[in-house]
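Coordinate inspection notes
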Amino acid sequence: MEPVEYEALAENEMQFWWHRTLRDILWVELRKRVRVFPSSWIDVGCGIGGTLKVFLDKGMAGGIGCDFSGDAARFWIRCRPGPVCRADGNALPFRNGAADLTLNTDVICCAEIDPPRLLGELSRVLKKGGFLFLTTPAYQSLCSAHDRAVHCVRRFRRQALTAAIRQNGFEILRDTYLFPTLFPFLAVHRLLTKRKQVEKSEVRMPARFLNEALYWMLGWERLWLRCFNFAFGSTILIVARKV
């Protein structure tokens with residue numbers, strides 16, 4: 001991710017409608033699968049640590065975040081996310097079977113990551129029966145200036161991603177797309193800005209009323225996901241268990 005984008009995250013991540021919605025979805029899914037809080041969990045590729053901080057504040061102790069980026073690490077003192085360390089997702093510094101659960105939000109898509117190595121490492125550090133919660137952008141055709149700004153070089157389709165995860169010793173518990181409501185608008189916007197030369201992400205806070213409207217508009221998606229999946233959307237969510 002470009003250094004300026006970490007500043008944007010530090011300013012906006014806790015209130016930005018997209019991040020709030022994704023954290024809500026992850027939390028509900030996590031509580032559905034994990035009845036007792038894990039004693040140890042790792043947020044791999046935690047960035048400045050927004051999700052780590054929120055989940056720790058909700059009482060899910062025993063977590064640690066790690067990120068390879070020195071630009072992200074510069075914000076840890078300012079944002080105070082909790083226990084964090086510098087680490088490469090391709091070669092995690094944790095022992096085999098160290099964690100009950102791993103989070104991996106929009107990391108496998110990054111230029112600095114080798115997907116097979118990352119999935120192997122996520123499997124290695126999990127205990128047998130441990131859970132993986134992974135999200136990533138969908139559809140390679142939607143790559144745009146936003147993706148270049150955050151170093152996203154690959155987008156996935158659900159079937160290909162689940163196959164790769166299975167090959168690394170996981171049982172798929174859930175695989176669904178997210179954010180279908182805004183998908184048509186996003187697709188048009190991304191196609192129109194695909195060749196835009198200025199590489200700047202879309203993580204910029206809109207007017208307060210619009211930010212809140214977008215968050216609450218997506219409330220129906222959060223309710224739908226309690227029982228059903230989506231057939232399309234801009235993001236993929238995978239929940240898997242190590243076998």
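Right above here is the structure, for reference.
Notes on the structure follow. (Residues numbered from 1 in each chain as written. Predicted model: local features only at pLDDT ≥ 70, side-chain atom pairs only at ≥ 80, totals over all residues. Heavy atoms only, no water.)

The next thing to look at is the pairing of strand β7 (residues 235-242). With seven of its eight residues buried, β7 lies for the most part within the structure. Across seven bridges, the pairing between strand β5 (residues 126-137) and β7 is antiparallel. Bridge assignment links Thr136 to a residue of β7, and that residue is Ile236. (Buried < 20%, exposed > 50% of the residue type's maximum accessible area, 1.4 Å probe, protein only. Helix = DSSP H or I, 4+ residues; strand = E, 2+ residues; numbered from the N terminus. Pairing = 2+ DSSP bridges.)

Attention shifts here to the sheet that holds strand β3 (residues 84-86). Strand order in this open sheet of seven strands is β3-β2-β1-β4-β5-β7-β6, and the pairing throughout is mixed. The open sheet has two edge strands, β3 and β6 (170-178), and neither has a second partner. The average undirected angle you get between the axes of adjacent strands in this sheet is 15°. Looking at chain direction, strand β2 (residues 63-67) and β3 are connected through three bridges and run parallel. Note on β3: the bridge partner recorded for Asp67 is Arg86. Sheet strands touched by helix α3 (residues 50-57): β1 (41-44), β2, β3 and β4 (99-105). Its angle to β1, the strand with the most contacts, is close to 155°. (Axes fitted to C-alpha atoms, helices over the stretch in contact; angles between N-to-C directions. Contact = heavy atoms within 4.5 Å.)

This paragraph deals with the packing of helix α2 (residues 17-33) against helix α10 (residues 208-217). At their nearest, the axes of α2 and α10 sit 9 Å apart, and the two run at 25° to each other. Here α2 is positioned roughly parallel relative to α10, judged by the angle of their axes. In terms of crossing hand, the pair formed by α2 and α10 is right-handed. On α10, the residues that touch Trp17, Arg20, Thr21 and Asp24 of α2 are Asn211, Glu212, Leu214 and Tyr215. Taken together, the residues that form the contact of α2 with α10 break down as three nonpolar, two polar and three charged. (Parallel < 35°, antiparallel > 145°, perpendicular 65-115°, else oblique. Left-handed = near helix turned anticlockwise from the far one by under 90°. Nonpolar A, V, L, I, M, F, W, Y, C, P; charged D, E, K, R; others polar.)

Another aspect to go through is the pattern of salt bridges. Where charged atoms of side chains with opposite charge meet at close range, the side chains can pair. All chains considered together, the criterion is met by 14 salt bridges. Residues Asp24 and Arg222 are paired through a salt bridge, measuring 3.8 Å at the closest nitrogen-oxygen approach. Here the residue Asp24 occupies a position in helix α2, and Arg222 occupies one in helix α11 (residues 219-224), the gap between them amounting to 198 residues. Using a relative accessible area of 26% as the deciding quantity, one classes Asp24 as partly exposed. Residue class for Arg222 comes out buried when judged on its relative accessible area of 14%. A salt bridge links Glu29 to Arg174; the shortest N-O distance between them is 2.7 Å. You can see Glu29 sitting in helix α2 and its partner Arg174 sitting in strand β6, a full 145 residues away along the chain. Given a relative accessible area of 3%, Glu29 falls into the buried group. By relative accessible area, which is 7% here, Arg174 ends up buried. (Salt bridge = Lys/Arg side-chain N within 4 Å of Asp/Glu carboxyl O.)

This part covers α10. Every buried residue belonging to α10 is among Asn211, Leu214 and Tyr215, and all of these are buried. For α10, the angular spread of the buried residues around the axis is 100°, confining them to a single face. Projecting away from the buried face of α10 at angles above 90 degrees are the exposed residues Phe209 and Trp216. Turning to α10, the residues buried within the fold contact α2 and α11. (Arc of directions from axis to C-beta.)

Attention shifts here to unusual backbone geometry. Positive phi outside glycine occurs at Asp106, with the angle close to 55°. Here Asp106 is to be found in the loop between β4 and α6 (115-125). Residue classification places Asp106 among the partly exposed positions, given a relative accessible area of 24%. Residue His151 is not a glycine yet carries a positive backbone phi of 60°.

Taken residue by residue, a regular strand's side chains alternate between the two faces of the sheet. Burial runs high along β5: nine of the 12 residues are buried. Looking at chain direction, β4 and β5 are connected through six bridges and run parallel. Directly across from Thr102, in β5, lies its bridge partner Leu132.

Another point: the side chain of Glu13. Looking at the secondary structure, you find Glu13 in the loop between α1 (3-12) and α2. Buried charged residue Glu13 carries no salt bridge. Nearest counter-charge: Arg23, at 4.2 Å. With residues up to four places along the chain from it excluded, the contact list for Glu13 reads Ala8, His19, Arg23, Ile48, Gly50 and Thr51. (Lys, Arg positive; Asp, Glu negative; His and termini not counted.)

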